[in-house]
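Commentary on secondary and tertiary structure
Chain residues, written in single-letter form:
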Amino acid sequence: MRFGPVATRDSAGLIAAHTVRAEGASLKKGRPIAEEEALRLAQSGIAEILAVRLDPGDVGEDEAAARLAAELAGEGLRPEPAFTGRCNLVAEAAGVFVVDSTGIDAVNAVDEAITVATLPAFRPVAAGEMVATVKIIPYAVAALPLGQALAAAIAPPMRLAPYRLKRIGVVSTLLPGLKSSTVAKTLRVLGERLAPAGAGIIAETRARHEAGAVADAIAGLVAEGAELIVVFGASAIADRRDVIPAGLEAAGGRVEQFGMPVDPGNLLLLGALGSVPVIGAPGCARSPKENGFDFVLHRLLAGLPVTRADIVRLGVGGLLTEIPLRGQPRSGRDTL
């Protein structure tokens, strides 16, 4: 591709590098220049313009962007029509965006003319939401680097994990001093969190803040068909041997991880009873503001496994906006 000044009278068939306007004539940036347009501009006194001439084998910006986007789009993602060297990829359903950063880095490393930008990995998205964009920087790209970028993206590095779990069970443990209005608000906030995933609370039970009562409540919800269980403790979990993890184990379940490098959200417990995931929610999960609970909840709702290694990797970016009125603010000052 050649970019530079040309005599306006000789520019027909080239691509306008910039928008040019004159009385009775105009050129639009990135569009082929018609012969009559070149003539009118020349007659208006514009003797020279910046234009682009494609070399043999060059691929125009829209075609290049569309081809690369089609190669990058995995299951559940749809490329939209390319325009001005850009091709956006959108989610076909609500779910969690899954992306391999190594694959995206490989494509972006091929040539400065070729760029791909995506949402962060594991971001919850709605149907029709844009998750990535391919942008060809100049008006065309040579066949060789485009071929290299396509080769780097042979295994699609991004896909959508649609939401799968819909039936949620909730256990709320009770202690003197915990208001019923607090429990009701917690259930409302959780319902609002679940709604974008098409999930809902199918059963809710309240139990004494004792291991045996928690065990019975969890087992009962599994028997009722809950696909995921959230336990809100009247008191925060302080140790793997505390009431909620002890109750999960007493029900025959297992604790897979306690604690996470996300704040607010440090005191989250992750476990399972059989194949049913169980989350011991941190206190900040009672707030509608984003916290570590969201990071785990949406992945599980999409049927994605969450391992200790996954949780360990959440530290970078895990310092979130403080939630007002939580019992242990980062400042060390009691906000109540």
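Keep in mind that this is a model prediction, so the values were computed, not measured.

What follows deals with helix α6 (residues 211-223). Along its 13 residues, α6 runs 18 Å from first to last C-alpha, staying within 8% of the 18 Å computed at 1.5 Å per residue. Buried within α6 we find Ala213, Val214, Ala215, Ala217, Ile218 and Leu221. Positive backbone phi, approximately 100 degrees, marks Gly225, located one or two places after α6.

Leu228, Ile279, Phe293 and Leu301 are the most contacted members of the largest nonpolar core, which totals 35 residues. At the level of secondary structure, the elements contributing two or more residues to this core comprise β9 (95-99), β15 (167-174), α5 (180-194), β17 (228-232), β20 (276-281) and α8 (292-301). In terms of residue count, α8 provides more of this core than any other element does, six residues in total. In this view, Leu301 contacts Tyr163, Arg164, Leu165, Ile168, Leu194, Ala197, Ala199 and Leu228; residues no more than four positions away in its chain are not counted. Among the nonpolar cores identified, the runner-up in size contains 31 residues, and Phe97, Ile104, Leu119 and Ala153 belong to it.

What follows covers the pattern of salt bridges. Scanning the entire structure with this criterion turns up nine salt bridges. Between Asp55 and Arg2 there is a salt bridge; the shortest N-O distance is 3.1 Å. Here Asp55 is found in the loop between β5 (48-53) and β6 (59-60), whereas its partner Arg2 is found in strand β1 (residues 2-7), with 53 residues between them in sequence.

With five of five residues buried, β17 lies mostly within the body of the structure. The two faces of β17 match: Leu228, Val230 and Phe232 on one face and Ile229 and Val231 on the other face are all buried. Across five bridges, β15 lies against β17 in parallel orientation. Each residue of the ladder has a partner; that of Val171, found in β17, is Val231.

A separate point is the side chain of Ser287. Here Ser287 is to be found in the loop between β20 and α8. By relative accessible area, which is 13% here, Ser287 ends up buried.

Another aspect to go through is the packing of α6 against helix α7 (residues 243-250). Interhelical geometry of α6 versus α7 gives an angle of 55 degrees and a closest axis separation of 7 Å. Considering the angle they form, α6 stands oblique to α7. Judged by the twist between their axes, the crossing of α6 over α7 is right-handed. On α7, the residues touching Ala211, Val214, Ala215 and Ile218 of α6 are Val243, Ile244, Ala246, Gly247, Leu248 and Ala250. Within the contact of α6 with α7, the residues separate by chemical class into nine nonpolar, one polar and no charged.

Nonpolar side chains collect at one region of the surface, where Met1, Phe3, Leu50 and Leu54 lie side by side and expose about 330 Å² of accessible area between them. Locating Leu54 in the fold gives a position in the loop between β5 and β6. Leu54 sits in the partly exposed class, given a relative accessible area of 37%.

So, on to the packing of α5 against α8. Where α5 meets α8, the axes come as close as 11 Å, and the angle between the chain directions of the two elements is 50 degrees. By the angle between their axes, α5 is oblique relative to α8. The handedness of the crossing between α5 and α8 comes out as right-handed. Residues Leu190, Arg193 and Leu194 of α5 form the contact with α8, whose own contacting residues are Phe293, Asp294, Leu297, His298 and Leu301. The class makeup of the residues in the contact of α5 with α8 is five nonpolar, one polar and two charged.

All right, on to the sheet that holds β1 then. Within the open sheet, the three strands sit side by side as β1-β5-β2. Their pairing is antiparallel. Looking along the sheet, the strands with just one partner apiece sit at the ends: β1 and β2 (15-16). In this sheet, β5 lies alongside β1 in antiparallel orientation, the contact comprising six bridges. The partner of Val6 across the bridge, within β5, is Ile49.

The rules we used
- Residues numbered from 1 in each chain as written.
- Predicted model: local features only at pLDDT ≥ 70, side-chain atom pairs only at ≥ 80, totals over all residues.
- Heavy atoms only, no water.
- Helix = DSSP H or I, 4+ residues; strand = E, 2+ residues; numbered from the N terminus.
- Expected span 1.5 Å × (residues − 1).
- Buried < 20%, exposed > 50% of the residue type's maximum accessible area, 1.4 Å probe, protein only.
- Core = buried A, V, L, I, M, F, W, Y, C linked by side-chain atoms within 4.5 Å.
- Contact = heavy atoms within 4.5 Å.
- Salt bridge = Lys/Arg side-chain N within 4 Å of Asp/Glu carboxyl O.
- Pairing = 2+ DSSP bridges.
- Axes fitted to C-alpha atoms, helices over the stretch in contact; angles between N-to-C directions.
- Parallel < 35°, antiparallel > 145°, perpendicular 65-115°, else oblique.
- Left-handed = near helix turned anticlockwise from the far one by under 90°.
- Nonpolar A, V, L, I, M, F, W, Y, C, P; charged D, E, K, R; others polar.
- Patch = residues over 30% accessible without salt bridge, like charges linked within 9 Å, V, L, I, M, F, W, Y side chains within 5 Å.
- Areas by Shrake-Rupley, 256 points an atom, 1.4 Å probe, with all protein chains shown as cover.

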